[in-house]
Amino acid sequence: EEAVRRANALEKDDLYSLRKVSRQEYLKKREQKKLDELKDEIEDEPYLFGGEKLTETELREFRYKKELYDLVKKRTQDEDNVEEYRIPDAYDQDGGVDQEKRFAVAVQRYRDLDATEKMNPFAEQEAWEDHQIGKATLKFGAKNKRASDDYQFVFEDQISFIKESVMAGENYEDVMDAKQSQDLAEKTALEELQEVRRSLPIYGYREQLLQAVEEHQVLVIVGDTGSGKTTQIPQYLHEAGYTKRGKVGCTQPRRVAAMSVAARVAQEMGVKLGHEVGYSIRFEDCTSDKTVLKYMTDGMLLRELLGEPDLASYSVVIVDEAHERTLSTDILFGLVKDIARFRPDLKLLISSATMDAEKFSDYFDTAPIFSFPGRRYPVEINYTTAPEADYMDAAIVTVLTIHVREPLGDILVFFTGQEEIESAEENLKQRIRGLGTKIRELIICPIYANLPSELQAKIFEPTPEGARKVVLATNIAETSLTIDGIKYVVDPGFSKMKSYNPRTGMESLLITPISKASATQRAGRAGRTSAGKCYRLYTAFNYNNDLEENTVPEVQRTNLASVVLSLKSLGIHDLINFDFMDPPPAEALVKALELLFALGALNKLGELTKAGRRMAEFPLDPMLSKMIVVSDKYKCSDEVISIAAMLSVGGSIFYRPKDKQVHADNARMNFHTGNVGDHIALLKVYSSWKETNYSTQWCYENYIQVRSMKRARDVRDQLEGLLERVEIEISSNLNELDSVRKSIVAGFFPHTAKLQKNGSYRTVKHPQTVHIHPNSGLSQVLPRWVVYHELVLTSKEYMRQVTELKPEWLIELAPHYYQQKD
Ligand code: ADP
Ligand code: MG
């Protein structure tokens, strides 16, 4: 008992401080601990991390573990035979456990996870956790037996919540009474959809809204998420005849939202997607001459402005989800405000889900605010009683607990990205399998940007009777998409955010605590169709003391180079006086100008150069565009656009099935033969696929995601089209890979790092310690000089997609930026 108490105390104490710091610091702290621990192991003087000396038995176990670990490692060096050395599960049928075997299993799992780390940036930390948990269990003998009752299994590690408050519902009434819904069954699908349309809160305000649009040029619209703003307003405008004079454009901050909403509206109007209703996102245009309602990402409307500076083909522009304050939305604000002044016939609607509409109104010369009540049911807010160390695990346990205990109703869980969602899906599936038939069916629906659209549609399918759906979503489900039937929300309290240091010019993706405003939106998702519950995986204290009120607008925490280039090519030169709603830090603007100057896109006077004009044609980051423009000089544009296309589909090229990890790793390493660097490896993947005539079978054989490849091919096709537009010939120079490398360096020279004695790297221009990502083909090679594509911060600051370079190239390719040291 004393031991358990000590273990608890240790953990609580350890965990308590966690939430008081940011996740970044938290990870750093963990990292440090892990290092300390490793040090102990290496020096063979194992201490508990609390500082206590290990007992004799523990020490023995430790050594035994180390031996085993080494043995397993040695045996599996012949990696193809790894299967033969798997150690059987240590649990016997009666639930007893063979400690020795158990230990071995733990070691094996540790080893497996160690390998997984190569693919999953969090695995390192997860492995450490697993290891710690294993150690604690071993030490204190907490669970010697596997729980015999499966239900108990769920409750054993359940999380304790306290109900803190109830978020009041307003104006709620049942959407449809039983009689009505019975009637519905007899109607056709289209009639049914019309019925649903009429049941949305906004429907009651249709006439008033149309009248307000008629009377005012600019209107700020505020209504709860899910009340019908995005899907209905464009249709109302169409019905009222606005589309006779031009298109109705509606911007969305997210690709998935633009696609999914357009699909829904096409369905409601009974037309084919891409005809009257279409969408346009980067590298994908699903519109035609017929299109009158056009959903698009805010970034796409910005690009359209390059070709049509007065938006002449539009009669109405709706800047939707304005509260998200993405970089593109903020820039659009300034541009459409200006256009509206000289185009009195253009209607401008700014639509937002939050109540801080005054700010939008003030910005748009005190435009009137049209706000209408939604239909909100009360939502009970629960907080954890103590901070949770691992929100991934806590989220899964909470989902299972809800599933077993709470009445039917769907669950929505917020994660920070694709990797987390995939790992949660896997984990949930496994645990459900473990629970067998004792529980109801749980349908798992992931949703994130790269998910193929067929699967995206799955989240909207009605849940079968008697089953429950759990939607694992990114921030997209916070306000952009509304899924009916959600009754429970699990909110770990984090999201992935870009963060930018204007001093160093370094940008990184960070997992960051969300704002109170986001937390409120997330909770609100549970009260859409009935009263609901929200489980926050943090304490009320954390909520009150640690969360910011609002999310910082992206314009204040991002690299502005791309935007500055677009603005320059729109003829906007005076950036300091650009009408920003919240101006970016002046430093960030200066940094962007400096970078564009160094890239040769601007001259000394800050004017667009010929290269800059060409670069602006590509819907890519200026560094990528520069790489492409330069490839003309080195006669390798063919290779370089393949690389650019592969880079732009992100890190989801290779996959690694649990049972075939070794094969998958071998297949992957094939592309790295000769330590060519990650960019060239990507090129090899693409060219090999092309050689097989884009074979799906080839992808399977090489553990490559076929849909990522298809996307890369689409992107590449478009880049090829753009090459023609900027008069760059397609030329190939496969025998001279250094010319490809030089093109990369010509674009990415600000991203260079030099090897340090301890095996880490230091970025060259603004010294910072970074590491080669374990996924990289060069992670074991450690070249002296490298250029990297991007930095990601997980447990460490990692460089992703790395290539070796010769330092003299820096002076040759970026003389403004680098000079020879005397
Ligand atoms: P708002 O923009 O005010 O948040 P929306 O217009 O997005 O509201 O949503 C209105 C309704 O349409 C919601 O009930 C939502 O569930 C439904 N809806 C939106 N998109 C889809 C879709 N792709 N499939 C099914 N239903 C959808
Ligand atoms: Mg909306």
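1. Concerning the state of the cysteines
Counted under the stated rule, the structure contains 0 disulfides. Unpaired in terms of disulfides, Cys 250 finds its nearest cysteine sulfur in Cys 286, a separation of 16 Å. A residue is classified by how much of its surface remains accessible, and Cys 250, at 2% relative accessible area, is buried.

2. Examining the packing of aromatic side chains
Enumeration over the complete set of coordinates arrives at 18 aromatic pairs. Their ring planes at 85 degrees and their centres at 5.6 Å tell us that Phe 333 and Phe 364 sit as a pair that is edge-to-face. One end of the pair, Phe 333, is in helix H13 (residues 327–342); the other, Phe 364, is in the loop between helix H14 (357–363) and strand S9 (369–371), with 31 residues separating them in the sequence. Neither Phe 333 nor Phe 364 differs from the other in exposure class; each is buried. For the ring pair Tyr 383 and Tyr 543, a centre distance of 5.9 Å and an interplane angle of 50 degrees mean the geometry is tilted. Here Tyr 383, found in strand S10 (residues 379–384), pairs with Tyr 543, found in helix H19 (residues 540–546); they are 160 residues apart in sequence, far enough to count as distant. Judged by relative accessible area, Tyr 543 falls into the buried class, the value being 14%.

3. A closer look at the coordination of the magnesium ion (ligand 2)
Taken together, Thr 230 (OG1) and Glu 321 (OE) make up the full set of protein donors to the magnesium ion (ligand 2), lying 2.0 to 2.6 Å away. With Thr 230 in helix H10 (residues 229–239) and Glu 321 in the loop between strand S7 (314–319) and H13, this residue pair connects regions lying 91 residues apart in the sequence. Of the two residues, Thr 230 and Glu 321, neither departs from the other in class, the shared state being buried.

4. Digging into the sheet that holds strand S11 (residues 410–414)
Two pairing modes exist for strands in a sheet, parallel and antiparallel, and in both the strands are linked by backbone hydrogen bonds. The 7 strands lie next to each other as S1-S10-S17-S14-S11-S13-S12, forming an open sheet whose pairing is mixed. What marks the edges here is a single partner per strand, and that holds for strand S1 (161–167) and strand S12 (442–447). For this sheet, the mean angle separating the axes of adjacent strands, direction not counted, is 20 degrees. Contacting S1, S11, S12, strand S13 (468–473), strand S14 (486–491) and strand S17 (532–536), helix H15 (residues 391–405) crosses the sheet at an angle of about 155 degrees to S14.

5. Observations regarding the pairing of S13
Of all 6 residues that make up S13, 6 are buried, and the element is covered over most of its length. Relative to S13, S11 runs parallel, the two being bridged by 4 bridges. Among the inter-strand pairings, Val 413 is bridged to a residue of S13, identified as Leu 472. Bridge count between S12 and S13: 6 bridges; the pairing is parallel. Counterpart to Ile 447 in the pairing with S13 is Ala 473.

6. Thoughts on unusual backbone geometry
Phi angles above zero are rare outside glycine, and Phe 283 is one such case at about 65 degrees. By the secondary structure assignment, Phe 283 is in the loop between strand S4 (277–281) and strand S5 (284–286). Judged by its relative accessible area of 7%, Phe 283 is buried. Positive phi outside glycine occurs at Gln 801, with the angle close to 60 degrees. With respect to the helices and strands, the residue Gln 801 is situated in strand S22 (residues 797–804). Given the relative accessible area of 18%, Gln 801 is considered buried.

7. Some words on H13
Over its 16 residues, H13 extends 24 Å from the first C-alpha to the last, a length consistent with the 22 Å expected when each residue adds 1.5 Å. Along H13, 13 of the 16 residues are buried, which leaves the element largely enclosed by surrounding structure.

8. Details of the environment of Arg 303
Mapped onto the fold, Arg 303 is located in helix H12 (residues 298–307). Taking relative accessible area as the criterion, Arg 303 reaches 23% and is therefore assigned partly exposed. A C-alpha to C-alpha distance of 9.4 Å links Arg 303 and Arg 282, two positions 21 residues apart in sequence. Excluding its chain neighbours within four sequence positions, the residues that come into contact with Arg 303 are Ala 616, Glu 617, Phe 618 and Pro 619. In this structure the side chain of Arg 303 is engaged in a polar contact, spanning 2.7 Å, whose partner is the backbone oxygen of Ala 616.

Criteria and cut-off values
- Residues numbered from 1 in each chain as written.
- Chains lettered and ligands numbered in written order.
- Predicted model: local features only at pLDDT ≥ 70, side-chain atom pairs only at ≥ 80, totals over all residues.
- Heavy atoms only, no water.
- Disulfide = S-S within 2.5 Å.
- Buried < 20%, exposed > 50% of the residue type's maximum accessible area, 1.4 Å probe, protein only.
- Phe/Tyr/Trp six-rings, centres within 6.5 Å; stacked < 30°, edge-to-face > 60°.
- Helix = DSSP H or I, 4+ residues; strand = E, 2+ residues; numbered from the N terminus.
- Donors = N, O, S within 2.8 Å, 3.2 Å for Na, K, Ca; no water.
- Pairing = 2+ DSSP bridges.
- Axes fitted to C-alpha atoms, helices over the stretch in contact; angles between N-to-C directions.
- Contact = heavy atoms within 4.5 Å.
- Expected span 1.5 Å × (residues − 1).
- Polar contact = N/O pair within 3.5 Å; in protein donor to acceptor, adjacent residues only side chain to side chain.

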